[in-house]
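Structural characterization, general
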Amino acid sequence: MAEAERIIGTPDTPGTGPGPEQRDVRGTDGMDGADGAGRADTAADADASAARPRRRRVAVLFAVAAFAYALDLVSKLLVVAKLEHHRPIEIVGDWLKFEAIRNAGAAFGFGEAFTVIFTVIAAAVIVVIARLARKLYSLPWAIALGLLLGGALGNLTDRIFRSPGVFEGAVVDFIAPKHFAVFNLADSAIVCGGILIVLLSFRGLDPDGTVHKD
């Protein structure tokens, strides 16, 4: 009887279940799957976390641009309606006046023979800023680019919609300091944005938020 049990074996005999090797393999496969899923989730969370600051900076860029553009547009509408063909308004004696003029050139009245070229340049600036927005993580750069974008859009609107024709329109200028060229709020936004970009470049701050040392 004992000999028969030894040869045939019984269900209760130890060792008839899965061996340690089999148990280890199954356990390892399960752990590998869990680790892989965890790494994928971590990578997805990291990508989402990295995208959120960029979206906020882009939102700041377009908010600043919209504000600068709206302020410039409203000011020009008021100047055309209330000031054009009227006497200048003295703000600070002879040192600062509001005087409506039409400028076919670039900012501050330069290059009036190249209106179409300046229109193309303004459109190119807008395209470049839109491309930079894809890797924008710096708040100061968002403000600077927003000022540039709003100013460029303001003057480009005049180039397209004002007389004498499309892409040749004259820009409305009205801020007239003494012994200086007449300009508008779009010109001011462009200059302020340009100065801020120069300062950021001197500090080594890039649009993506990194700081480089020369």
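Residues numbered from 1 in each chain as written. Predicted model: local features only at pLDDT ≥ 70, side-chain atom pairs only at ≥ 80, totals over all residues. Heavy atoms only, no water.

**Some remarks on helix H4 (residues 139-161)**
Which entries qualify depends on this criterion: In this text, helices come from DSSP runs of H or I with a minimum length of four residues, and strands from runs of E with a minimum of two, each type numbered from the N-terminal end. Take the residue count of a helix, subtract one, and multiply by 1.5 Å to get its expected span. Two N or O atoms count as a polar contact when they lie within 3.5 Å, although within protein this holds only if one can serve as hydrogen donor and the other as acceptor, and sequence-adjacent residues are included solely when both atoms are side-chain atoms.
In this model H4 runs 33 Å from its N-terminal to its C-terminal C-alpha over 23 residues, within 8% of the 33 Å that 1.5 Å per residue would give. Among the residues of H4, the N-terminal cap falls to Ser 138, whose side-chain oxygen and the backbone nitrogen of Trp 141 are separated by 3.4 Å.

**Quick notes on helix H5 (residues 185-202)**
In this model H5 runs 26 Å from its N-terminal to its C-terminal C-alpha over 18 residues, within 8% of the 26 Å that 1.5 Å per residue would give. Measuring from the side-chain oxygen of the N-cap residue of H5 to the backbone nitrogen of Ala 186 gives 3.0 Å; that N-cap residue is Asn 184. Gly 204 occupies a position one or two residues after H5 and carries a positive phi of about 80°.

**Description of the side chain of Ser 138**
This is how it is decided: Buried means the residue's accessible area, taken with a 1.4 Å probe over protein chains only, is under 20% of the maximum for its type, while exposed means over 50%, and partly exposed covers the values in between.
On the secondary structure map, Ser 138 appears in the loop between helix H3 (115-132) and H4. Exposure remark for Ser 138: the relative accessible area of 4% places this residue in the buried category.

**Quick look at unusual backbone geometry**
The omega torsion of the bond from Ser 163 to Pro 164 falls at 15°, within 30 degrees of zero and hence cis. Tracing the chain through its elements places Pro 164 in the loop between H4 and strand S3 (171-177). Despite not being glycine, His 85 has its phi angle at roughly 65°, a positive value. Within the secondary structure, His 85 sits in the loop between helix H2 (20-83) and strand S1 (89-92). With phi around 70°, Phe 167 is a residue other than glycine that occupies positive phi space. Checked against the element boundaries, Phe 167 lands in the loop between H4 and S3. Residue classification places Phe 167 among the partly exposed positions, given a relative accessible area of 44%.

**With respect to the pairing of strand S2 (residues 96-103)**
As a reminder of what qualifies: Any two strands with at least two DSSP-identified bridges between them are counted as paired.
The pairing of S1 with S2 spans three bridges and is classified as antiparallel. Bridging from a neighbouring strand, Val 92 pairs with Leu 96 of S2. Taking the residues that link successive antiparallel strands as the turn, the S1-S2 hairpin has three residues, and the phi of Gly 93 there is positive, at about 55°.

**Some words on the confidence of the model for the protein chain**
This is how the line gets drawn: A residue's pLDDT is the confidence the predictor assigns to it, expressed on a 0 to 100 scale. Here, two residues are considered to be in contact whenever any of their heavy atoms come within 4.5 Å of each other.
Per-residue pLDDT for the protein chain averages 80, and the proportion of residues at 70 or more is 71%. pLDDT under 50 marks residues 1-28. Its contacts with residues more than four places away, or in other chains, come to five contacts.

**Some thoughts on the packing of aromatic side chains**
The following threshold applies: Only rings of Phe, Tyr and Trp enter the pairing, Trp through its six-membered ring, and a pair is recorded when the two centres are within 6.5 Å. The plane angle decides the type: under 30 degrees is stacked, over 60 is edge-to-face, the rest tilted. A positively charged side chain is recorded as over a ring if its NZ (Lys) or CZ (Arg) lies within 6 Å of the ring centre. The angle to the ring normal must also be within 35 degrees.
Taken as a whole and assessed by the stated rule, the structure comprises two aromatic pairs. Seen from the ring of Trp 95, Lys 178 lies directly overhead, with NZ or CZ sitting 4.7 Å from the centre.

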